[in-house]
Amino acid sequence: MTVHPAGSRDIVVGVDPDRNWHLALAWAADEAQRRRLPLRLLLAVPPQHDTHHVDDTPGRTALRQAGSDRLDQACNWVRDRHPEVSVTGDLLGGFPAQILGGAAREARMIVLGSRHLSRTAEFFSAGSLVVPVTAQAHCPVVVVGDAEHISQQPPYLVVGIDGSASATSALDFAFDEADLRGAALRVVCVWQRPLIMLDDEEMALRAQRTLLSEATAGLSEKYPDVHVTHEVFTGHPVEELARAAEHALAVVVGRRGRGGYTGMRIGSVVHGLLHRAHCPVITVPTD
């Protein structure tokens, strides 16, 4: 296993020694190959007694050895899949969420696996990564919970926009990703009918369609090979986006701000998609 400091453009993958890491690692390895970026695998060995003291007890030594073996296995798996991808593995002491959150300051993106935990389990599980890392990361975070739908023809990605700055960042990323993959892009806006309608519904829907056209105009010129469709749905954003992305390569959404110390403020739409979507969920922070 080769260990060296991370570069500023690595794709970083969190390797969990206690569960299957192949789906997330496959996604990350394929992305590294497409973007011609190095891949860095991180595995964190947490303190045994809820402290930051790193001891050399037999139990901890065994944990580190098992982690090192798992990293070697994962690195070799990537090399077999994409021999041209530069891959390294780092075994670090500390809590996984903190380790990956720190790596996100310099990474091109972070890739995590997901167990589709309940809201309570995701918040309070000792091994929880998805919510805190997604909330705190300064780069896009990809959460891979199920196998990628690469057999869908034609392939497509879904991006949800709402006119916010975070949605603009998500749209930029989604166009770039679709172009790299030779995939179509479905740009989706979900309108929620208010309890009290002050305007005509058709007028409100026309405003959403105008938003879609204006948001994508410059990017369609920049990425002429990306086939783009505009879709306006009425309903709950999580349900409609998840339904639109049922067979997508990924669903891309923006993320407003960061979650502070607790790392739990990721927004209801992002949180809902992480538990509802059956394709990779990519969250993009505001630039």
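Residues numbered from 1 in each chain as written. Predicted model: local features only at pLDDT ≥ 70, side-chain atom pairs only at ≥ 80, totals over all residues. Heavy atoms only, no water.

Some thoughts on the overall build of the chain
Okay, so step 1: Of regular secondary structure, the chain possesses 9 helices and 10 strands.
Okay, so step 2: Scored against the burial criterion, the 287 residues of the chain give a buried share of 50%.
Okay, so step 3: The contacts in the chain between residues at least 6 apart in sequence include a share of 80% that link residues at least 24 apart.
Okay, so step 4: Here the chain has roughly 13800 Å² of accessible surface; of this, 52% comes from carbon and sulfur atoms. (Helix = DSSP H or I, 4+ residues; strand = E, 2+ residues; numbered from the N terminus. Buried < 20%, exposed > 50% of the residue type's maximum accessible area, 1.4 Å probe, protein only. Contact = heavy atoms within 4.5 Å. Areas by Shrake-Rupley, 256 points an atom, 1.4 Å probe, with all protein chains shown as cover.)

Quick look at the environment of Leu 171
Okay, so step 1: Here Leu 171 lies in helix α6 (residues 165-181).
Okay, so step 2: With relative accessibility at 3%, the residue Leu 171 sits in the buried group.
Okay, so step 3: Separated by 48 residues in sequence, Leu 171 and Leu 219 place their C-alpha atoms 8.6 Å apart.
Okay, so step 4: When neighbours within four sequence positions are excluded, Leu 171 is seen to be in contact with Val 159, Ile 161, Val 187, Ala 215, Thr 216 and Leu 219.

Considering the packing of α6 against helix α7 (residues 201-222)
Two numbers describe a pair of packed helices, the interaxial angle and the distance between the axes.
Okay, so step 1: Taken N-terminus to C-terminus, the directions of α6 and α7 make an angle of 35°; their axes are 11 Å apart at the nearest point. In terms of crossing hand, the pair formed by α6 and α7 is right-handed. Of α7, the residues touching α6 (which contributes Leu 171, Asp 172 and Phe 175) are Ala 215, Thr 216, Leu 219 and Ser 220.
Okay, so step 2: Taken together, the residues of the contact of α6 with α7 sort by class into 4 nonpolar, 2 polar and 1 charged. (Axes fitted to C-alpha atoms, helices over the stretch in contact; angles between N-to-C directions. Left-handed = near helix turned anticlockwise from the far one by under 90°. Nonpolar A, V, L, I, M, F, W, Y, C, P; charged D, E, K, R; others polar.)

Focus: the side chain of Glu 231
Okay, so step 1: Position of Glu 231 relative to the elements: it lies in strand β8 (residues 228-234).
Okay, so step 2: Classification of Glu 231 by relative accessible area gives buried; the value is 17%.
Okay, so step 3: For Glu 231, the side chain forms a polar contact with the side chain of Arg 186, separated by 2.6 Å.
Okay, so step 4: At 3.3 Å, the side chain of Glu 231 and the side chain of Thr 229 are in polar contact.
Okay, so step 5: Setting aside residues no more than four positions away along its own chain, Glu 231 makes contact with Arg 186, Val 187, Val 188, Cys 189 and Leu 212. (Polar contact = N/O pair within 3.5 Å; in protein donor to acceptor, adjacent residues only side chain to side chain.)

Remarks on the packing of helix α1 (residues 22-35) against α6
Okay, so step 1: Where α1 contacts α6, the two axes come as close as 10 Å, and the packing angle between them is 85°. Viewed along their axes, α1 and α6 adopt a mutual orientation that is roughly perpendicular. Between α1, through Trp 27, Glu 31, Arg 34 and Arg 35, and α6, the contact on the second element is made entirely by Phe 173, Asp 176, Glu 177, Leu 180 and Arg 181.
Okay, so step 2: Counted by class, the contact of α1 with α6 contains 3 nonpolar, no polar and 6 charged residues. (Parallel < 35°, antiparallel > 145°, perpendicular 65-115°, else oblique.)

As for the layout of surface pockets
Okay, so step 1: Estimated volume of the second largest pocket: approximately 380 Å³.
Okay, so step 2: Forming the walls of the second largest pocket are 21 residues, and the residues nearest its centre are Asp 162, Val 253, Gly 254, Arg 256 and Val 269.
Okay, so step 3: Elements supplying a minimum of two residues to the lining of the second largest pocket: α6, β7 (184-191), α8 (237-244), β9 (251-255) and α9 (268-276).
Okay, so step 4: A class-by-class count of the residues in the lining of the second largest pocket yields 11 nonpolar, 6 polar and 4 charged. (1 Å grid on protein atoms, 1.4 Å probe; cavity = no way out; pocket = protein on both sides within 12 Å on 5 of 7 lines; lining within 4 Å. Points joined across faces, edges and corners; volume = space filled by probe spheres on them.)

Concerning the pattern of salt bridges
Okay, so step 1: One pass over the structure, following the stated rule, counts 11 salt bridges.
Okay, so step 2: The partner of Asp 30 in a salt bridge is Arg 81, with the nearest N and O atoms 2.9 Å apart. Of this pair, Asp 30 sits in helix α1 while Arg 81 sits in helix α2 (residues 58-81), placing them 51 residues apart in sequence.
Okay, so step 3: Connected through shared salt-bridge partners, Glu 31, Arg 34, Arg 35, Asp 176, Glu 177 and Arg 181 make up one network. (Salt bridge = Lys/Arg side-chain N within 4 Å of Asp/Glu carboxyl O.)

Overview of helix α3 (residues 96-103)
Okay, so step 1: All of the buried residues in α3 are Ala 97, Ile 99, Leu 100, Gly 101 and Ala 103.
Okay, so step 2: Tucked inside the fold, the buried residues of α3 contact β1 (11-14), β2 (39-45), β3 (87-93), β4 (109-113) and α5 (130-136).

So, unusual backbone geometry
Okay, so step 1: Even without a glycine there, the phi angle at Arg 36 is positive, about 55°.
Okay, so step 2: Relative to the elements of secondary structure, Arg 36 occurs in the loop between α1 and β2.
Okay, so step 3: Take Arg 36: its relative accessible area is 78%, and that puts it in the exposed class.

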